[in-house]
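Tertiary structure, described
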Amino acid sequence: MDPLEGRHLRVGIISPYSFETPGGVQLHIRDFAQQLLKRGHQVQVLAPGRRTNDMPLWVQTTGSSFSVPYNGSVANLSYFGSAGRVTRQWVRQGRFDILHLHEPEVPSLSHKPLIKGFLHSPCVATFHASFDTYPLAMRLTQPYLRSRLSGISQAICVSRSAMQTAQHILTDRTNTQIIPNGIDAGFFRDAAPKPAWQGRPGAPTIGFLGRMKEDRKGFRILAQAAPTILDAVPGARFLCAGDGEAEARRMLEEIDPGLLSHVTFLGRISDADKAAFYHSLTAYVAPQTGGESFGIVLTEAMAAGCPIVASDLQAFRDVSEEGTRARLFTNGDPMDCARAVLELIGRDDIRRDLSRLGQERALDYDWDHVAEQVLEVYAQALAEEAPGGRGWNPLKKHFGK
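The text that follows walks through the structure, step by step, so that each part is easy to find.

About the cut-offs
Residues numbered from 1 in each chain as written. Predicted model: local features only at pLDDT ≥ 70, side-chain atom pairs only at ≥ 80, totals over all residues. Heavy atoms only, no water. Helix = DSSP H or I, 4+ residues; strand = E, 2+ residues; numbered from the N terminus. Core = buried A, V, L, I, M, F, W, Y, C linked by side-chain atoms within 4.5 Å. Buried < 20%, exposed > 50% of the residue type's maximum accessible area, 1.4 Å probe, protein only. Phe/Tyr/Trp six-rings, centres within 6.5 Å; stacked < 30°, edge-to-face > 60°. Lys NZ or Arg CZ within 6 Å of the ring centre and 35° of its normal. Salt bridge = Lys/Arg side-chain N within 4 Å of Asp/Glu carboxyl O. Patch = residues over 30% accessible without salt bridge, like charges linked within 9 Å, V, L, I, M, F, W, Y side chains within 5 Å. Areas by Shrake-Rupley, 256 points an atom, 1.4 Å probe, with all protein chains shown as cover. Lys, Arg positive; Asp, Glu negative; His and termini not counted. Charge placed at Lys NZ, Arg CZ, Asp CG, Glu CD. Contact = heavy atoms within 4.5 Å. Axes fitted to C-alpha atoms, helices over the stretch in contact; angles between N-to-C directions. Parallel < 35°, antiparallel > 145°, perpendicular 65-115°, else oblique. Pairing = 2+ DSSP bridges. Right-handed = clockwise from strand over helix to strand, strands pointing away.

Right, let's get into the environment of Lys38. Locating Lys38 in the fold gives a position in helix α1 (residues 24–38). The spacing of Lys38 and Asp132 is 94 residues in sequence and 37 Å in space, taken between C-alpha atoms.

So, on to the nonpolar core. Among the nonpolar cores identified, the biggest contains 62 residues, and Phe127, Phe277, Tyr278 and Tyr284 are the most heavily contacted of them. The greatest single-element share of this core, amounting to five residues, is contributed by helix α10 (residues 296–303).

A word on the packing of aromatic side chains. The tally for this structure, following the rule as stated, stands at twelve aromatic pairs. Relative to Tyr378, the ring of Phe32 lies with its centre 6.3 Å away and its plane at 75 degrees, an arrangement referred to as edge-to-face. Taken as a pair, Phe32 in helix α1 and Tyr378 in helix α14 (residues 367–385) lie far apart in primary sequence, 346 residues in all. One exposure class covers both Phe32 and Tyr378, and it is buried. Note on Phe277 and Tyr278: the rings are 5.8 Å apart at their centroids and 55 degrees apart in plane angle, and the pair reads as tilted. Here Phe277 and Tyr278 have matching classes, each one buried. Chaining the aromatic ring pairs together yields one cluster made of Phe187, Phe188, Trp197, Phe277, Tyr278 and Tyr284. Its end group placed over the ring of Trp197, Lys194 keeps NZ or CZ at 4.7 Å from the ring centre.

Right, let's talk about the pattern of salt bridges for a bit. Evaluation of the coordinates by the stated rule reveals 27 salt bridges. Residue Asp318 is joined to Arg160 by a salt bridge in which the shortest nitrogen-to-oxygen separation is 2.5 Å. Here Arg160 lies in helix α5 (residues 160–166) and Asp318 lies in helix α11 (residues 314–319), a separation of 158 residues in the sequence. We note a salt bridge from Arg325 to Glu360, for which the minimum N-O separation is 3.6 Å. Linking Arg325 in the loop between α11 and β15 (327–329) with Glu360 in helix α13 (residues 348–362), this pair joins segments that are 35 residues apart in sequence. Note on Glu360: relative accessible area 41%, which makes it partly exposed.

Let us look at α10. Across the eight residues that make up α10, a large majority, seven, are buried. Just beyond α10, the residue with positive phi is Gly305, at close to 80 degrees.

A cluster of like negative charges, contributed by Asp2, Glu5, Glu372 and Glu376, occupies part of the molecular surface. Within the fold, Glu376 resides in helix α14.

What follows is about the side chain of Lys274. The residue Lys274 is located in helix α9 (residues 271–280) in this model. Among all residues touching Lys274, those that are not within four sequence positions of it are Phe188, Leu209, Ile269 and Glu300.

So, on to the packing of α1 against α14. Between α1 and α14, the least distance of the axes is 11 Å, while the angle of their chain directions is 80 degrees. It follows that α1 is roughly perpendicular to α14 by the angle criterion. Contacts between α1 and α14 involve His28, Asp31, Phe32, Gln35, Leu36 and Lys38 on the former and, on the latter, Trp367, Asp368, Ala371, Val374, Leu375 and Tyr378.

A few words now on unusual backbone geometry. At Glu5, a residue that is not glycine, the phi angle is positive and equals roughly 55 degrees. Along the polypeptide, Glu5 turns up in the segment before β1 (10–14). The exposed category is assigned to Glu5, whose relative accessible area is 75%. Positive phi, close to 55 degrees, is recorded for Glu322, a residue that is not glycine. Summarising the element assignment, Glu322 is placed in the loop between α11 and β15.

Turning to the pairing of strand β13 (residues 283–286), a few remarks are in order. Along a regular strand, successive side chains alternate from one face of the sheet to the other. Side chains Ala283 and Val285 of β13 all project onto a buried face; the interleaved residues Tyr284 and Ala286 project onto the opposite face, where all are buried too. Alignment of strand β10 (residues 205–209) against β13, held across two bridges, turns out to be parallel. Within β13, the residue paired with Ile206 across the bridge is Ala283. Note that the unit made of β13, α10 and strand β14 (residues 308–311) has a crossover that is right-handed.

Written out as structure tokens, the structure is:
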């Protein structure tokens, strides 16, 4: 069903984070924009930072950004100077039917259209962030944020964890619902393994994907679990994809220099190689320790039919349906991580079951399903702004004035 009943929209999407470096929010925006274009909608995206050669033409940038620590990572934002003027000019010129803001609570571009007196098209916001401890900065600015975000027509949270954070700063008047991040399940399902990465009897391959230098991604937990795994299965090999090889090597040297001979670093890999990576593994390990609101890597691995071992973060429990679609271990516990990995790589029957159950679960996150849910939110926002709708303002005839 088409929630918009055949209507094609002009959609403006604002990212708070630069597209120069990969991140979950940026990838979500990119993939969702492609879904909209495939359905015949017009899309423009505005993001901080500079253009790179691989950016689609429908992505525009502000030309600069600055880096700040944020939720255990580093975010590249744009907030000061001309950022507000440039953003609001982009909104005015776009004359969008829907304005879609991502993480508008973050001091960056998504925050800029929400100033009092700036009229714009119906506004939908997606909240991605989840915090293990609600930040002091957000507590102190909560009244300001609630006032600023009151202009949002509809709110989307990517998970229960993200909703628990967003509810602190959204008003009761804002209609809020959970819609997860999307994946192209068929793309991951149909990929082929790489023989050089595949395990064999007695020599399983155990995978990690993420920024290895960030503590919250949990590489150290897997590294500390590795000696126990290798004691039981000396032929095991660890395939590690992502940034931070130098830091990861230092961690392994500290734990046991002999581990380096069992680890292969793949660096940053393409989407196609990522799909092949999941297909090549005996088990994928997600040892993240916090700051995860969803767990897109779990859904991708599930779609590829890759058995998963994951920490028992709330986000991972939600995706795995309380561990029925993956093996969970106690967050931050290397020995429990090793136990779960050994249980998985030692049992063909468990891996087969988890592969089947994971692929079934991944269909819930396929873009065909997720995009339709977001378009339904767009339809609700447009209905509110129609004459007689809840948010209709008879004076609001020219957006962006």
